[in-house]
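Single-letter residue listing:
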Amino acid sequence: MPSTALTFARLPNARSAYGEQMYARGRALVADHGVRIDELVWDADEVLWDWVVDARGMLRSSARMVLRGDLGHREHFRIKPGIFELLWGMHHASIERGLDPYMRVWTNGYPWRAWRVAREVPGWDALLGPPARSSASGHESFAWHPRFFCRADFARALRALIGPDDGAARLGALPPEAREVVVRQLRSCPFDSTLKVPELALLAGKDGFLASRVLVDDQEWNAERFAASGRVAVHVVKPPSPLSLGPMQNAVWTAPHRAFRPLATRIASAIASALVRAVRSRPGTVIDAWSGQPLDDYPFVEFSIEIPDTMVRREWVEPLRCLRRDARPWRR
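For clarity, every value in this text was computed on a predicted model and none was experimentally measured. (Residues numbered from 1 in each chain as written. Predicted model: local features only at pLDDT ≥ 70, side-chain atom pairs only at ≥ 80, totals over all residues. Heavy atoms only, no water.)

Turning our attention to the packing of helix H1 (residues 17–31) against helix H4 (residues 83–96). In contact at an axis separation of 7 Å, H1 and H4 are set at 40 degrees when each is read in the N-to-C sense. Considered as vectors, H1 and H4 are oriented oblique to each other. Note on packing geometry: the crossing formed by H1 with H4 is right-handed. Residue-level contacts link Gly 19, Met 22, Tyr 23, Arg 25, Gly 26, Arg 27, Leu 29 and Val 30 of H1 to Glu 85, Leu 86, Trp 88, Gly 89, Met 90, His 92, Ala 93, Ser 94 and Glu 96 of H4. Looking at the contact of H1 with H4 residue by residue, the class counts come to eight nonpolar, five polar and four charged. (Axes fitted to C-alpha atoms, helices over the stretch in contact; angles between N-to-C directions. Helix = DSSP H or I, 4+ residues; strand = E, 2+ residues; numbered from the N terminus. Parallel < 35°, antiparallel > 145°, perpendicular 65-115°, else oblique. Left-handed = near helix turned anticlockwise from the far one by under 90°. Contact = heavy atoms within 4.5 Å. Nonpolar A, V, L, I, M, F, W, Y, C, P; charged D, E, K, R; others polar.)

Written out as structure tokens, the structure is:
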């Protein structure tokens, strides 16, 4: 019997019928289907939450951006319905069985933004588990977290691979499938920080991804490369939004809450079903998770965040800018 401390009633999430269903599905993934939460890698944007920027607001601040080079802006978020309840179910079932109970997150984003989102999503830090440094606070707890990989970590890993000191040896030590994926990227688009191959995490000094074998990601190209590295991926198919501005998928002209409406589906249930298939699939497999089934009766969590220019520059722009600069002599 589940411990009274590890129940849906104790979650920091608002109560809902769908949330309770997803919590039960999360428990069943571990208890009945052998899905290990420490073997899963979760993308953040469009998987854990949806987000948009108001294009009109960006235009209003364009003069500030041009004249002062200010990259600060506002982003609007809505948490994917049922996804954190699903994760809590896996977390609790793992604790009861003495398994690693913590989730892994791999994003092309940056620590300050993740930390700021975590302030709006109670319990997300608990699902990630303790940071690498017990004294770390604020966004530093994400920057050095062993189970959180971000854009700056990619820069560190790539620097280790293409630098003059033992870079070739480190590349040669990668498992054959992973090495082939990384070499192909180094030849075609070396600074594409969306690459997700678990071996890169260790090169960046993060040991929380050693067991990773299933990626959950909304970008098909990310899923294909992860699967090609000798693993399995779940591709979360995002419904098209009629309000997005063409190629600018996360920019809208209208009120953000309207852009979120077509994205309010039972995708967490589809992801759960895909994970059951994933742990039974051969390496190299990509499984689509899609749900167009609408979900209306749910306590949606929406919030907005002001992103400061200093953090965009320090944690988004600078890691790759510095890497490109330092890599020039190495790549001649």
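Side-chain pairing between opposite charges can occur once the charged atoms of the two side chains come close. One pass over the structure, following the stated rule, counts 23 salt bridges. Among the salt bridges present, the one from Asp 43 reaches Lys 196, with a minimum N-O distance of 3.0 Å. Separated by 153 residues along the polypeptide, Asp 43 in the loop between strand E1 (40–42) and strand E2 (49–54) and Lys 196 in the loop between helix H10 (176–188) and helix H11 (199–203) bring together distant segments of the chain. Here the two residues Asp 43 and Lys 196 agree in accessibility, since each one is buried. Salt-bridge contacts for Glu 302 lead to Arg 78; the nearest nitrogen and oxygen are separated by 2.6 Å. One end of the pair, Glu 302, is in strand E11 (residues 302–307); the other, Arg 78, is in strand E3 (residues 73–79), and 224 residues separate them in sequence. Judged by relative accessible area, Glu 302 falls into the partly exposed class, the value being 38%. (Salt bridge = Lys/Arg side-chain N within 4 Å of Asp/Glu carboxyl O. Buried < 20%, exposed > 50% of the residue type's maximum accessible area, 1.4 Å probe, protein only.)

Attention shifts here to unusual backbone geometry. Phi at Glu 46 is positive, roughly 70 degrees, even though this residue is not glycine. Inspection of the secondary structure assignment puts Glu 46 in the loop between E1 and E2.

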